[in-house]
Structure formats: C-alpha cells, structure tokens
Amino acid sequence: MAQAQIQTKNAGLELEESLISTLPTREGWWRPLFLFQGHWLTPQTVKSTMLVQAQFQPRADDIILASYPKCGTTWLKALAFTIANRSRHTVASDDHPVLTKHPQDLVPFLELPHRYLHPITELEALPSPRLLSTHIPCALLPSGVSALGSRVVYLCREPKDVLVSMWHYVNKVRKDFYIDLDKAFEFFREGVTFFGPFWDHCLGYWKQSLEEPERVLFLKYDELMANPTKHVKMLANFIGVPFTNEEESAGVVEEVVRLCSFENLKSLPANSTGVSDRIGGLPMENSAYFRSAKVGDWRNCLTEEMARRLDCIVEEKLKGSGLSF
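Nothing here was measured: the structure is a model prediction, and the numbers come from that model. (Residues numbered from 1 in each chain as written. Predicted model: local features only at pLDDT ≥ 70, side-chain atom pairs only at ≥ 80, totals over all residues. Heavy atoms only, no water.)

(A) Fine view of the pattern of salt bridges. Scanning all chains against the criterion turns up 17 salt bridges. Between glutamate 247 and arginine 86 there is a salt bridge, with its nearest N and O atoms 2.8 Å apart. Of the two residues, glutamate 247 is situated in helix α12 (residues 245-249) and arginine 86 in the loop between α3 (73-84) and α4 (97-100); the sequence distance between them amounts to 161 residues. Arginine 86 gets classed as buried once you look at its relative accessible area, which sits at 13%. Each of Asp62, Glu124 and Arg130 takes part in a single network of salt bridges with overlapping partners. (Salt bridge = Lys/Arg side-chain N within 4 Å of Asp/Glu carboxyl O. Helix = DSSP H or I, 4+ residues; strand = E, 2+ residues; numbered from the N terminus. Buried < 20%, exposed > 50% of the residue type's maximum accessible area, 1.4 Å probe, protein only.)

The structure is reproduced here in structure tokens:
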C-alpha cells in the first residue's frame, strides 16, 4: 500500500514538472518565474498551488485569512487566532499561545510549506472550524472555497510600503543573494513578484468582497493600524464570535489589541529568537517577520520619482474598481 502511494505521488510530481516546463517563463527576483493561470509564480509555488487546487477539501465553516506577501499577514494571524479562540484561551492569561508560539505557526497556510514536500492532508486533521491562511490569488483558489461559502478575510496594504517591506524581507532571508532597490522596484512595477501583480491580487479579492460581502471581508492595513479596536470588533463579528457586552465592558477588545500589538509581538522570545523553516528548504530567523510595521515607511527608501511612477501605475490598474490607496 505504501509503495503504491509513493508511486502515485512520484507520477503526480512528474506530471507537474512536465506541465511547468511548458509554461512561459521570465526572470524573477532570485529565480525564474512561470506564468500559471495568468499569474507569475515561482516553480515551487506553481506546484504547491496545483496541489491545493486538486487536493484541498474546503469546509463551509472554514475561515481563510488571505493577503499578498508583506501586507500584515503575521499581525492578522495573531489577531484572528486570539479572537477566534478566546473561549479556550483567556486573552489576559500568562500562558496564551500568542505569548509562546510564532503567529505564523498558529494559523497554517494552504500552500506552505510547499505541498509536494508536506502533504496537504495535514490540514484535514484540523478540527472545524479551521482557521487557515493563504497568499494564493483569489482566482487560483479551489472553486469549493466559494461554492461552500467558506469565509475569507483579505488584508491589503499601501503598495509602496509593500514593495519596501518585500525588498527588506527578501534580502534578509536570502543570505546568498541580494537584490538592489532599483531592480526590485522595476520587478514590482512590472507585476513580477511571487504571487502575481499586487494590483491583480487586491482586485480579485476586492471584487469578490463587493459581490459577496457576507463571505469576504476586505480590510486595509493602514485603517487597521489607525483604529485597531474598531477592526478587532469587526473581525470578531465577521468570523462569528462577536464580543459580548460584558467582554467589551471588561476591556477584552483592548486586551486583544495590546496582546497582538507589533511592539508586544516583536519583543516575545518566540518571535525574536530562533530559526524555522516554514516554506520548505528556506530556514529563516523568526524575527524576519517583524521589521517596522510603520505606515509610510516607503518614504525612507523610495525617491519621489519612484513613488510617483508607482502611484501612477497602481491608479491606472485600479481605475474604475472603487478601490484606492
């Protein structure tokens, strides 16, 4: 039986490799990117996405936290986990999981670690309702996510801050590689990153949120940062665990905000020390997920001309959609 499973897996990998070899390709940040279903992805991400599409079994009560890389994913994971599990883990407790585990480990990704290395069946063992996350574009998610009514929380961020955060992150985690800012800027401007063009990623989830507001909640990082209390309550309502009047009077909402604040998370040993491999073949420092979290940090890196050019292309790509930054 085990031998048959291995043979089936190997046959599947050979099929995936064969398909990937036929896809259009171009230069990427540190490895070639392949055009898969309209999105430029690394070959590892293409294989993993194919497996998610073929094997992931959505459930109606799934809650999926979606985002483009470097848009506040780690923060959203901490907030959503704390909100959803507060009946089991008192927010103010000294042994709360957020205090001892990295937020990235509290909410598993659909596509990571790469699913040809770590079977997606790992997600089947999780009890319902599952709290999951993804960087996969909306159009590439398994059709069952929408058909079954799985709820999605999407977090986006000002594109110039995304570019700068991504540039810092890549150069930190790739010890054998360096990309200069000008090159990273051109790649980003051309829509060549890791999960397709930034604007396409945002637009896919934005349009879905307009069509199905009861199923897709669209949040902006800047607004969440400006008024976290309001958005924590909004998030709790959306995922089906609203705060009671007693909780609000007792300051539980504010305690969630404090527990999951960037300053608190960054200072915790689980997030500031150690190395983990959450992707598959790319160990990185746990602290790599925590840099500055500041709104407008792009001003410290981009020139006025860079900012103007990027603003123009984003405005053009989002024109008529109702979405703006």
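There's more to say after this.
(B) A look at the sheet that holds strand β5 (residues 131-134). Spatially, the 4 strands line up as an open sheet ordered β5-β4-β6-β7, and their pairing is parallel. Of all strands in the sheet, those with a lone pairing partner are β5 and β7 (216-220), marking the two edges. The sheet shows a mean angle of 20 degrees between the axes of neighbouring strands, taken without regard to direction. The pairing of strand β4 (residues 63-67) with β5 spans 4 bridges and is classified as parallel. Each residue of the ladder has a partner; that of isoleucine 64, found in β5, is leucine 132. Sheet strands touched by helix α9 (residues 198-211): β4, β5, β6 (151-156) and β7. Its angle to β7, the strand with the most contacts, is close to 130 degrees. (Pairing = 2+ DSSP bridges. Axes fitted to C-alpha atoms, helices over the stretch in contact; angles between N-to-C directions. Contact = heavy atoms within 4.5 Å.)

(C) Here's a closer look at helix α13 (residues 252-259). When α13 is considered as a whole, its buried residues turn out to be Val252, Val253, Val256, Val257 and Leu259. Each element contacted by the buried residues of α13 is listed here: α3, α4, α11 (228-238), α12 and α14 (262-267).

(D) Focus on the packing of aromatic side chains. Applying the stated criterion across every chain, the model contains 12 aromatic pairs. With centroids separated by 5.0 Å and ring planes inclined at 75 degrees, the aromatic side chains of tryptophan 206 and phenylalanine 218 adopt a geometry described as edge-to-face. With tryptophan 206 in helix α9 and phenylalanine 218 in strand β7, this residue pair connects regions lying 12 residues apart in the sequence. What links up through ring pairs into an aromatic cluster is the set Tyr68, Phe188, Phe198, Trp199 and Phe325. Seen from the ring of tyrosine 169, lysine 70 lies directly overhead, with NZ or CZ sitting 4.0 Å from the centre. Above the plane of the ring of phenylalanine 243 lies arginine 86, whose end atom (NZ or CZ) is 4.1 Å from the centre. (Phe/Tyr/Trp six-rings, centres within 6.5 Å; stacked < 30°, edge-to-face > 60°. Lys NZ or Arg CZ within 6 Å of the ring centre and 35° of its normal.)

(E) Focus on the environment of serine 87. You can see serine 87 is positioned in the loop between α3 and α4. We classify serine 87 as exposed; its relative accessible area is 73%. For the pair serine 87 and valine 241, spaced 154 residues apart in the sequence, the C-alpha separation amounts to 9.5 Å.

(F) Representation of the nonpolar core in the model. Of all hydrophobic cores here, the largest spans 60 residues; its most connected members are Trp29 and Tyr68. Formed by 45 residues, the second largest nonpolar core is a distinct cluster that contains Leu65, Val91, Tyr169 and Met284. (Core = buried A, V, L, I, M, F, W, Y, C linked by side-chain atoms within 4.5 Å.)

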